[in-house]
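Remarks on the overall topology
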Amino acid sequence: MKPYEKNISECRDMLRSGEVSSVEITKSVLERIAEVDGRLNAFITVNGEAALAQAEAADRRRAGGESAPLLGIPLAIKDNLCTQGVRTTCASKILDNFIPPYESTATALLAKQGYVLVGKTNMDEFAMGSSTENSAFGPSKNPWNTECAPGGSSGGSAFAVAADECIAALGSDTGGSIRQPAAFCGVVGMKPTYGRVSRYGLVAFASSLDQIGPITKTVKDAAILLSAIAGPDSHDSTCAANPVADYEAAIGREIKGLKIGIPRQYFIEGMDAEVEGSVKSAIAQLESLGAVPVEIEMPHTDYAVATYYLIATSEASSNLARFDGVRYGARVKGDDLIDMYRKTRSAGFGAEVKRRIMLGTYALSSGYYDAYYLKAQKVRTLIKQDFDMAFKQVDVVVCPTSPMPPFRIGDKIDDPLQMYLADIFTIALNLAGGPGISVPCGFTSSGLPVGLQLMGRPFDEETLFSAAHAYEQSAGWTSRKPEVAA
Amino acid sequence: MDINEIQHIALLARLDLREDEMERFASQIGNILSYAEKLNTICTDEVEPTAHVLGMRNVFRDDDEAGSFAREAILANAPEASSGCFRVPKIIGQD
């Protein structure tokens, strides 16, 4: 087994015992990237030489007696997290040459432990999309079938983890952008509770929904990685002060008696039959481990997509106003200031970003605000109440991560509404704010992965880790790896 | 959505759209808004809006002096800079 095939927990043990050095693991990962990434496009920027220097520094720190969990471990970071001195593009032409003068809190916390940044991963431009097709740098592929999309928007991170181009990765999730690509690539992805991880240095898409989280080879790794990045931050006043639990301690806890809610509204007509079959088997598996399934109602589920696309685009239209060609990014000259703004933004943004800015601007514009934005905020309250009610009855809510297996590249890109509907099972959770995890739960007859989503109470990531780990260990799907060829 | 509306929104959004983009967006955004009509089937007269899920109030901190970025570090990303400032097109004195 090559070092790049290992997960965080294994690397941590091998580094601590001295069996392997960080330089050896990092070299192995960089060779793997050089071998497979060219055609598959998981990375926008590979941090080659700098990564090796970080690995050498980590080995020196270890020789000096340090042993933080992520010391010397090569991770990939989604390209919407600012990394000081390392280009951060958001997969957009408008930030093509942006070198952040500061570090995001999440990556600063990883750096404090001494992680190795192997590269910045591909994504849908400004995290807007469900397939990574909206990248100015070209789409990433699905590791199980390169004709298919890896999901999105954190498709590059999910691909890199599945194809062993890193030991683990960070993504961001505004409407499913960690969980859906994790499901499509056959890996584990977690969206923590809103406010669990600081958003400082995450290029904002929709500020009331965005959250950073881990994409990993195992559930245990997700717990280790979340422990490293969670916690309050004076740079982000929406970051919660709640104490951070020892998430790794939740790994291995029994789930006997755990009440798992099966919402009727998440098992709908039109769902792919193989996805439904895999998820129902997973529920039976959880039952055999002692969990107690309970049928529940989440009556406003059907309104989540419409609510989300009004709120998220409104926030995006406001957040993306800062890209005006004045302080950073590309500039296109114009006849006057407004003409410069318009030319700069039209040349710099791709079609989906423009479409969402237009939709959001419309929803916030005079005369339409109450009918669209305010209405959506009110329905958001009802969706959140569905979750509050559910968690009075059950400990975890279980459903498919996506209603369909990975779709083919090009299949949905010309029909934005169809693409938006692909997020139907992930976005309600962003509106409600709680944590969710996607864990592999089987494969279709054509060999494409299916993801099981577990959603939890706000700030109760521990229960999700316990349940997802128990399922993962008994089901064994995470041991299956795609054959990724150069 | 008609082309006039699209042109108006594009100006508000500081975008300059091509003819074909305007036509495509008019129909796509129209479709999305028709889909969003389903929200009007729910009565929300008695429902408070949610802007933020954690229900946090103002978060205060002490007004302490703290370091800031070096001017050169910030200007390094500027499309145009001179004399330690961002350089922008002239906005006054034009007809």
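Just above sits the structure.
Here goes a summary of the coordinates provided.

Okay, the pattern of salt bridges next. By the definition in use, this model includes 28 salt bridges over all chains. One salt bridge connects Glu462 of chain A with Arg253 of chain A, and the closest N-O pair in it is separated by 3.4 Å. Within this pair, whereas Glu462 of chain A is found in helix α15 (residues 461-475), its partner Arg253 of chain A is found in the loop between α7 (219-229) and β7 (259-263), the two being separated by 209 residues in sequence. The class of Arg253 of chain A is partly exposed, set by a relative accessible area of 39%. For Asp20 of chain B, the salt bridge is made with Arg24 of chain B, and the minimal N-O distance between the two is 3.8 Å. One end of the pair, Asp20 of chain B, and the other, Arg24 of chain B, are both in helix α2 (residues 19-36), four residues apart, so they sit about a helical turn from each other.

Turning to the interface of chain B and chain A, a few remarks are in order. If you look at the interface, chain B gives 51 residues, while chain A gives 68 residues. For the chain B and chain A pair, buried surface summed over both sides reaches about 5300 Å², with 68% attributable to carbon and sulfur atoms. For the chain B face of the interface with chain A, the top three residues by lost area are Leu39, Val53 and Asn77 of chain B, together amounting to 13%. Counting across the interface, chain B meets chain A through four salt bridges. Linking chain B to chain A there are 18 residue pairs in polar contact (both at pLDDT 80 or more). For the side of chain B that touches chain A, the elements supplying multiple residues, two or more each, are α1 (3-12), α2 and α3 (71-75) of chain B. Among the elements that make up the side of chain B that touches chain A, the one with the highest residue count is α2 of chain B (nine residues). The residue inventory of the side of chain B that touches chain A, partitioned by class, reads 33 nonpolar, nine polar and nine charged.

A few words on helix α8 (residues 273-288) of chain A. All names here are of chain A. Taking 1.5 Å as the rise per residue, α8 with 16 residues should run 22 Å; its terminal C-alpha atoms sit 23 Å apart, in good agreement. Taken residue by residue, α8 has Val275, Ser278, Val279, Ala282, Ile283 and Leu286 as its buried positions. Here the buried residues of α8 occupy an arc of 140° about the axis, which is enough to place them on one side. Exposed residues on α8 whose side chains face more than 90 degrees from its buried face are Ala273 and Ser288. Looking at the buried positions of α8, the neighbouring elements they touch are β7, β9 (396-400), β10 (436-443), β11 (449-456) and α15. A side-chain oxygen of the first residue of α8 lies 3.0 Å from the backbone nitrogen of Glu274; this N-cap is Asp272.

Moving on, we get to the packing of aromatic side chains. Two descriptors summarise a pair of aromatic rings, namely the distance from one centre to the other and the angle between the planes of the rings. Residues and elements named next belong to chain A. A complete count under the given rule lists 18 aromatic pairs over all chains for this structure. Consider the rings of Tyr369 and Tyr373, whose centres lie 5.4 Å apart with planes at 55°: the pair is tilted. Pairwise contacts between aromatic rings join Phe98, Phe126, Phe323, Tyr328 and Phe349 into one cluster. The aromatic ring of Phe407 is capped on one face by Lys412, whose charged end is 5.3 Å from the ring centroid.

Glancing now at empty space enclosed by the protein. Residue and element names in this part refer to chain A. This structure, assessed with the given rule, holds five cavities of 30 Å³ or more. Taken as a whole, the largest cavity holds about 80 Å³ of empty space. The wall of the largest cavity is formed by 14 residues, among which Gly129, Gly175, Ser177, Tyr308 and Asp423 lie closest to the centre. Of the residues belonging to the lining of the largest cavity, the class tally is four nonpolar, eight polar and two charged.

Take the layout of surface pockets next. All names here are of chain A. Estimated volume of the largest pocket: approximately 470 Å³. Lining the largest pocket we find 21 residues, and of these Cys82, Phe98, Tyr102, Arg322 and Tyr328 sit closest to its centre. Classifying every residue of the lining of the largest pocket gives 14 nonpolar, three polar and four charged. Size it by volume and the second largest pocket reaches roughly 400 Å³. Contributions of two or more residues to the lining of the second largest pocket are made by α1 (8-17), α5 (155-162), α7 and α15. Broken down by element, the residue count for the lining of the second largest pocket peaks at three residues, all from α15.

What follows concerns the sheet that holds strand β1 (residues 43-46) of chain A. All names here are of chain A. On the basis of which strands lie adjacent, the open sheet formed by 11 strands has the order β1-β3-β2-β4-β6-β5-β10-β11-β9-β7-β8 and mixed pairing. At either end of the open sheet lies a strand with only one pairing partner, and these are β1 and β8 (292-296). Each neighbouring strand pair of the sheet contributes to a mean axis angle of 30°, computed without reference to strand direction. Sheet topology note: the strand β2 (residues 74-78)/strand β4 (residues 168-173) ladder contains three bridges and is parallel. Bridged to Ile77 within β4 is Leu170. Contacting β5 (188-191), β9, β10 and β11, α15 crosses the sheet at an angle of about 10° to β10.

Below, the discussion takes up the packing of α8 of chain A against α15 of chain A. Residue and element names in this part refer to chain A. Running from N to C, α8 and α15 cross one another at 100°; their axes reach a closest spacing of 10 Å. Comparing their axes, α15 and α8 come out roughly perpendicular. Facing α8, whose interface residues are Ala282, Gln285 and Leu286, α15 presents Ala467, Tyr471, Ser474 and Ala475. Tallied by class, the residues present in the contact of α8 with α15 amount to five nonpolar, two polar and no charged.

Turning next to the packing of helix α9 (residues 304-319) of chain A against helix α12 (residues 370-393) of chain A. The relative placement of two packed helices is expressed as an angle between their axes plus a distance between the axes. Residues and elements named next belong to chain A. Following both chains from N to C, one finds α9 and α12 inclined at 125°, their axes separated by 9 Å at the closest point. Classified by the angle their axes make, α9 and α12 are oblique. Here α9 runs over α12; the crossing is left-handed. Contacts between α9 and α12 involve Ala304, Thr307, Leu310, Ile311, Ser314 and Glu315 from the former and Tyr372, Tyr373, Ala376, Gln377, Val379, Arg380 and Ile383 from the latter. Residues that form the contact of α9 with α12 fall into these classes: eight nonpolar, three polar and two charged.

Conventions adopted
Residues numbered from 1 in each chain as written. Chains lettered and ligands numbered in written order. Predicted model: local features only at pLDDT ≥ 70, side-chain atom pairs only at ≥ 80, totals over all residues. Heavy atoms only, no water. Salt bridge = Lys/Arg side-chain N within 4 Å of Asp/Glu carboxyl O. Helix = DSSP H or I, 4+ residues; strand = E, 2+ residues; numbered from the N terminus. Buried < 20%, exposed > 50% of the residue type's maximum accessible area, 1.4 Å probe, protein only. Contact = heavy atoms within 4.5 Å. Buried area = accessible area lost by both parts, 1.4 Å probe. Polar contact = N/O pair within 3.5 Å; in protein donor to acceptor, adjacent residues only side chain to side chain. Nonpolar A, V, L, I, M, F, W, Y, C, P; charged D, E, K, R; others polar. Expected span 1.5 Å × (residues − 1). Arc of directions from axis to C-beta. Phe/Tyr/Trp six-rings, centres within 6.5 Å; stacked < 30°, edge-to-face > 60°. Lys NZ or Arg CZ within 6 Å of the ring centre and 35° of its normal. 1 Å grid on protein atoms, 1.4 Å probe; cavity = no way out; pocket = protein on both sides within 12 Å on 5 of 7 lines; lining within 4 Å. Points joined across faces, edges and corners; volume = space filled by probe spheres on them. Pairing = 2+ DSSP bridges. Axes fitted to C-alpha atoms, helices over the stretch in contact; angles between N-to-C directions. Parallel < 35°, antiparallel > 145°, perpendicular 65-115°, else oblique. Left-handed = near helix turned anticlockwise from the far one by under 90°.

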